[in-house]
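Fold and geometry: a report
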Amino acid sequence: MGYFAIRRMRERLQGAGAPEPPREEASTPEGPAGGTPLPEGFPARNLLLAHGYTTLEAVRDAPDDALLGIKGIGKKLLEEIRHALRQQG
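Everything in this summary refers to the structure shown in the same document. Please read these numbers as outputs of a predicted model, since none were measured by experiment.

The next thing to look at is the overall build of the protein. The number of helices and strands found in the protein is five helices and zero strands. Taken from N to C terminus, the helices and strands of the protein fall in the order α-α-α-α-α. In the protein, which comprises 89 residues, the proportion classed as buried is 24%. When contacts within the protein are restricted to residue pairs at least 6 apart in sequence, long-range pairs at least 24 apart make up 37% of them.

Rendered as structure tokens:
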């Protein structure tokens, strides 16, 4: 079912007085609010951002298995990421 079909169905249901369905919270590893954003030039920055790792703290706290589970991140790139984190402090 396409996006617009679902949207029309939702609008019809809401117009009929039906309660809005609960929204599921997206499960992302963003890390604590107010964390340090990933700097430009950080290894695999775009891959990490695309998978919800938006802060240095989130990447630092992520287990190696979680990062290795991202398509495009292998052992060598993981080592570069960990090295960059050590350089950041």
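Having seen the structure, we can now continue with the description.
In this structure, F42, L48, Y53, V59, L67, I73 and I81 are the most contacted members of the largest nonpolar core, which totals 17 residues. Contributions of two or more residues to this core are made by α3 (56-61) and α5 (75-88). Of all the elements, α5 adds the most residues to this core, at five residues. Those residues in contact with L48 that lie beyond four places of it in its chain are L38, F42, P43, Y53, V59, L67, I70, I73 and I81.

For the rest of this paragraph, the subject is the pattern of salt bridges. By the definition in use, this model includes two salt bridges. A salt bridge links E40 to R45; the shortest N-O distance between them is 3.4 Å. The exposure class of E40 is exposed, given its relative accessible area of 67%.

For the rest of this paragraph, the subject is the side chain of R82. For R82, the position within the fold is in helix α5. In this view, R82 contacts V59, R60, A62, P63, D64 and L67; residues no more than four positions away in its chain are not counted.

Thresholds applied
Residues numbered from 1 in each chain as written. Predicted model: local features only at pLDDT ≥ 70, side-chain atom pairs only at ≥ 80, totals over all residues. Heavy atoms only, no water. Helix = DSSP H or I, 4+ residues; strand = E, 2+ residues; numbered from the N terminus. Buried < 20%, exposed > 50% of the residue type's maximum accessible area, 1.4 Å probe, protein only. Contact = heavy atoms within 4.5 Å. Core = buried A, V, L, I, M, F, W, Y, C linked by side-chain atoms within 4.5 Å. Salt bridge = Lys/Arg side-chain N within 4 Å of Asp/Glu carboxyl O.

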